[in-house]
Amino acid sequence: MKERIIGRVKRVNGPVLIIKDITDAMMMEMVRIGEQHLVGEVVKLYDGLATVQVYEDATGICPGDNVYGSGMSLSVELGPGLIGTIYDGIQRPLEKLMEASGAFISRGLSYDAVDHGKKWEFTPVIEAGASVHAGMVIASVEETSRVQHRIIIPPQYQSATLSEIAPSGSYTVEDVIATLVLPDGRQQKLTMLQKWPIRLPRPVSSRLALKQPLVTGLRVIDTLFPLAKGGTVAIPGGFGTGKTMTQHSIAQWCDADIIVYIGCGERGNEMTDVLREFPLLVDPRTGQSLMERTILIANTSNMPVSAREASIYTGITMAEYYRDQGYHVAIMADSTSRWAEALRELSGRMEEMPAEEGFPAYLPTRIAQFYERAGYMRNLSGSDGSVSIIGAVSPPGGDFSEPVTQHTKRFVRCFWGLDRQLASSRHYPAISWLDSYSEYLSDVKQWWNDHSEGAWHENRLRIMDLLQKEVRLQQIVKLVGPDALPDTQNFILEVCSLFKTAFLQQNAFDEVDRYCSVEKQVKMLSVILAYYEKGLEAINKGVPMVKVRRLRAVQEMARMRLTVKGDELETIDKIQLRLERSIDQIGGIYEN
Amino acid sequence: MKTKTESLMAQSDRKLLSGREYRGASRIDGPLVYMRNTHPVGFGELVEVVTPDGARRSGQVLDTSDEVVVVQVFEGTDSLTLPGTGMRFMGEPLTLPVSEQMLGRVMDGLGKSRDGSGAVHGFAERDVNGVPINPTAREYPRDFIQTGISVIDGMTTLIQGQKLPIFSGNGLDHNQLAAQIARQAKVRGSEGDFCIVFAAMGVKHDVARFFTNSFEETGVLDNVALFLSLADDPSIERTITPKTALTLAEYLAFDKGKQVLVIMTDMTNYCESLREIGTMRGEIPSRKGYPGYLYSNLAEIYERSGKISGRAGSITQLPILSMPNDDISHPVPDLTGYITEGQIVFERGMQARGIYPPINCLPSLSRLMKDGIGEGMTRDDHPHLANQLFASYSHVKDVQNLASVIGEEELTTLDQQYLEFGNFFEKRFVNQGFDEDRSIEQTLDLGWEALGKLPSEELQRLSDEEIAEHYGR
Ligand SMILES: Nc1ncnc2c1ncn2[C@@H]1O[C@H](COP(=O)(O)OP(=O)(O)OP(=O)(O)O)[C@@H](O)[C@H]1O
Ligand SMILES: [Mg+2]
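Residues numbered from 1 in each chain as written. Chains lettered and ligands numbered in written order. Predicted model: local features only at pLDDT ≥ 70, side-chain atom pairs only at ≥ 80, totals over all residues. Heavy atoms only, no water.

Here we look at the site of ligand 1
Okay, step 1: Taken together, 19 residues are adjacent to ligand 1, and Lys243, Thr244, Met245 and Arg267 of chain A together with Arg367 of chain B come closest.
Okay, step 2: In this structure ligand 1 sits where residues from chains A and B come together.
Okay, step 3: Within the contact set of ligand 1, an oxygen atom lies 3.4 Å away from a backbone nitrogen or oxygen of Thr241 of chain A.
Okay, step 4: Ala508 of chain A has a polar backbone atom sitting 3.0 Å from a nitrogen atom of ligand 1.
Okay, step 5: Burial of ligand 1 by the surrounding chains reaches 93%, relative to a free accessible area of 630 Å².
Okay, step 6: The set of elements that each furnish at least two residues to the shell around ligand 1 consists of helix 3 (243–253) of chain A together with helix 8 (331–339) of chain B. (Near = heavy atom within 4 Å. Polar contact = N/O pair within 3.5 Å; in protein donor to acceptor, adjacent residues only side chain to side chain. Areas by Shrake-Rupley, 256 points an atom, 1.4 Å probe, with all protein chains shown as cover. Helix = DSSP H or I, 4+ residues; strand = E, 2+ residues; numbered from the N terminus.)

Observations regarding the domain arrangement of chain B
All names here are of chain B.
Okay, step 1: Along its sequence, chain B is carved into domain 1 (17–93), domain 2 (97–372) and domain 3 (382–470).
Okay, step 2: Here the C-alpha centre of domain 2 lies 30 Å away from the C-alpha centre of domain 1.
Okay, step 3: If you look at the interface, domain 1 gives 14 residues, while domain 2 gives 12 residues.
Okay, step 4: Taken together, both faces of the contact between domain 1 and domain 2 bury some 1100 Å²; the carbon and sulfur share is 63%.
Okay, step 5: On the domain 1 side of the interface with domain 2, the three residues burying the most area are Pro31, Phe74 and Glu75, jointly 44% of the side's total.
Okay, step 6: At the boundary of domain 1 with domain 2, the tally comes to two salt bridges.
Okay, step 7: A salt bridge links Asp63 to Arg281; the shortest N-O distance between them is 3.1 Å.
Okay, step 8: Where domain 1 meets domain 2, there are three residue pairs in polar contact (both at pLDDT 80 or more).
Okay, step 9: Of all the elements in the fold, those that place two or more residues in the side of domain 1 that touches domain 2 are strand 5 (56–65) and strand 6 (68–73).
Okay, step 10: When residues of the side of domain 1 that touches domain 2 are assigned to their parent elements, the largest contribution, four residues, is made by strand 5.
Okay, step 11: Residues belonging to the side of domain 1 that touches domain 2 are distributed by class as follows: six nonpolar, five polar and three charged. (Domains from an automatic or database assignment. Contact = heavy atoms within 4.5 Å. Buried area = accessible area lost by both parts, 1.4 Å probe. Salt bridge = Lys/Arg side-chain N within 4 Å of Asp/Glu carboxyl O. Nonpolar A, V, L, I, M, F, W, Y, C, P; charged D, E, K, R; others polar.)

With respect to the sheet that holds strand 10 (residues 131–133) of chain A
All names here are of chain A.
Okay, step 1: Spatial strand order, 10-13-15-16: four strands in an open sheet with antiparallel pairing. Each of the sheet's edge strands pairs with one partner strand only, and the pair in question is strand 10 and strand 16 (187–190). Averaged over all neighbouring strand pairs, the angle between strand axes comes to 40°, with direction disregarded.
Okay, step 2: By the bridge criterion, three bridges tie strand 10 to strand 13 (residues 159–165) in an arrangement that is antiparallel. Opposite His133, over in strand 13, you have Ser159 as the bridge partner. (Pairing = 2+ DSSP bridges. Axes fitted to C-alpha atoms, helices over the stretch in contact; angles between N-to-C directions.)

Some remarks on the packing of aromatic side chains
Okay, step 1: The tally for this structure, following the rule as stated, stands at 25 aromatic pairs over all chains.
Okay, step 2: Taking 4.5 Å as the distance between ring centres and 45° as the angle between the ring planes, the aromatic pair formed by Phe198 of chain B and Phe211 of chain B counts as tilted. Residue Phe198 of chain B is found in strand 15 (residues 194–201), and its partner Phe211 of chain B is found in helix 4 (residues 205–217); the two are separated by 13 residues along the sequence.
Okay, step 3: Through pairs of rings, three or more aromatic residues link up here, namely Tyr313, Trp339, Phe370 and Tyr371 of chain A.
Okay, step 4: Directly above the aromatic system of Tyr295 of chain B lies the positively charged group of Arg338 of chain A, at a separation of 3.8 Å from the ring centroid. (Phe/Tyr/Trp six-rings, centres within 6.5 Å; stacked < 30°, edge-to-face > 60°. Lys NZ or Arg CZ within 6 Å of the ring centre and 35° of its normal.)

The structure is reproduced here in structure tokens:
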């Protein structure tokens, strides 16, 4: 096959190339550079020249080298076989790269994203002759033991007649499994494989209101600052404050059907950790391995910076594809700051005018475009699915006033701010209860109240109120010491301190504590509020606070997150009973 | 329009042309030399620069186009002239010939002999810029390194294959600590083939001498490769020194199966040299004038550590950097902290109070600690004990603040106990001698002794069984 030459290299400045003698290059076209065939993308066309971003290390590219066009935009392959795979930023399977080039990644390699030779058990769900439309499910394939991969009509075929469909059996993703007759009479053969350009959102029928929370199993999130399915959240925090751990925990325990985890410009070992740990972890809801619902993208900090820029889009396109099949997908991007910095670096090399701190002026638009791809959607097929985005932000110096954090804040509706002080004192997750917020409270209120006998909303307000009071009391204590406060107020400090250690803190490394069910969260909050109420009553009767806090049941409460297993929740009821009884007892002594 | 065969021909032409010498630069600016009218030169190519008096220097192509090639010269551009500068483009990337014989040698930032004992011989040519390790090929590091230093072993445990920087400041004892770690570090129960690669960037001669002496005294000098680019060497050489050092380290670890400890000091000087080049080229700076790609650039250094599955060796990195003005939010420590697997943070106040090592464990962190401690690795009580010490010590800081307002006498008995605990923790647990090598058991027992100053109800991070076994003994 003769390759199409679209121009020749004129200048190489790191990952940014200027190409001259441009023939018919298309904007956003994927290209190959030189005889090594390094992957690149056309990002600008002007005056017979083009600017090309290279997705691999540019060493050795030389003025005069040919640039070959591929005739299509930078796209991803979509089809069975994505789940459980780890990709680089432009969807090259890392395990295949390792087979080809060993432990270190060579350049110019290209591999199919999914195995084209593997056979899948295909079951049609529709009969030949039916009229079909974009997004419609025509067959299903068991991709993993928990994911039924639904084969859908690609969005570009608005309506058609299904003239043929393959019978049940095993097929590769290259085998023709259906034939469409398009309205203009043309025939179109379909395989199980689709391609989609990464920078283009996949179409949906409509956006729906958000109603369900994305349950994460992290107490501070679910109970205090919930995220809705289809929602967006930013997790900003300085280094070492717990962004990655929080995202790992959510990837492990949240109730999404599919997880897309993007390691964007972060550490190699963290991806290795996920690869090693996820297959061993078992989903508390289905009892199956977590890897059976996870797609990983690893474009670590030492891998090429342009591919880092692309990795975010590669990830979200795969997420949308599963959403179109009617799944709830959660996507984690760690960290969006590294993606923004990649934009900055590329923009700098293209000699564009910088705006704030060297970032290009289009940074806010790009951030908005990314987060807008989240949502709870009515798909083209009529089914519902969602994409929720959880983006980490790494502000320089941990200072939230920098451009990426500020712009991200404009486009997300939930904010989990990590606090350096909390992290240093090993209060994990270090999510600040003062800086964080969720705008989804009213959206998920109904769901939560249905799952807590109507108590969640009210209880949440009560504990948030105590936490606010605590701030003011702490200021007084800092000035004059705790002795200056009456016991009734000191008791607020006491309850808040207990709430922090017994409820807000959650140890991601503890077998029991790392996942907390909705039921357990509800009970834990309720027993802590009961402690406040009962304790206050007793103190008002004259019981000294020290007597209350020394009670055995209080010690038990402090450890219940670690000691009470998911299936022994009645233990918390017992603690509550014992607590109330013993407070009543000492109260009784003082009443007379 | 050229066809593919023409382009292939051009490639072979280039092979023929490589090595040909061009004379006459069009511009010299700091460490950069601009050359026009050359054959097409590849990005990143190795360049041999010939000075007017015929001496050779090494350089690398930073930018290449039809019109002009920009070359950075690692030994600096001193005494180069426009007409008298010659260049040979070698048609290959910058490589370093490596061998085990480099252990025991003192070299410059480019791996050339600096110790007067003749040329350094290498056999395998390796790309100095390194190639990223495939994340699927990595093996997650989990072997505990006993450094014999309590606050590190107990609170921010070092793991074989980790990158754990020391954030220090001018005049603090970081060199002593690095040397002590190099002397004492061991993986218990394994007689690994251990060696050290040491890279100095822009540090003074006496610092280099301090390390050489310290290696000599312990008799390990034969097992150390030193790459020195000192304060009076050209600043640009610092930008290549850590890469040269890591190229050797990778060879020793992944080809020769050695456990390599890489000490790099001072990373702040490295970053400053990068800033110089960036400014020279008129790049748009980000924070404090440092280039926008500083994060990626540092990552290309720090990520060259770890373990590869199926291979015996490992690279453990111990970079040292000084925080300008003791400011941890300065771009160099900040970006480093975002890349490395934790950090060891020095505090000037602690050194002033006579505590060595002056490590404040609260902002310090070892991210790989979780998988390397506990039963079968250190001791089963280690994870909870470390947690408890962190929690209690962070409360000490609150109490100290309160005490400074209301006076120590006004504190509750409990808070006074906390002060006592804090005192013991700093003076006995953290503080130790330059030559004191404590076993992990000694360290953990000391930790329990510190907790003995607190009532047992305060120890909520520990289980009842752990308290019963260790508390108050
Ligand atoms: N929920 C948690 N439970 C226990 N430990 C935690 C938790 N969250 C964070 N940590 C501790 O904090 C360390 C740092 O967390 P993490 O790696 O998530 O930080 P980060 O914000 O992603 O940092 P960076 O920006 O540098 O990547 C972890 O290695 C772990 O020791
Ligand atoms: Mg992280």
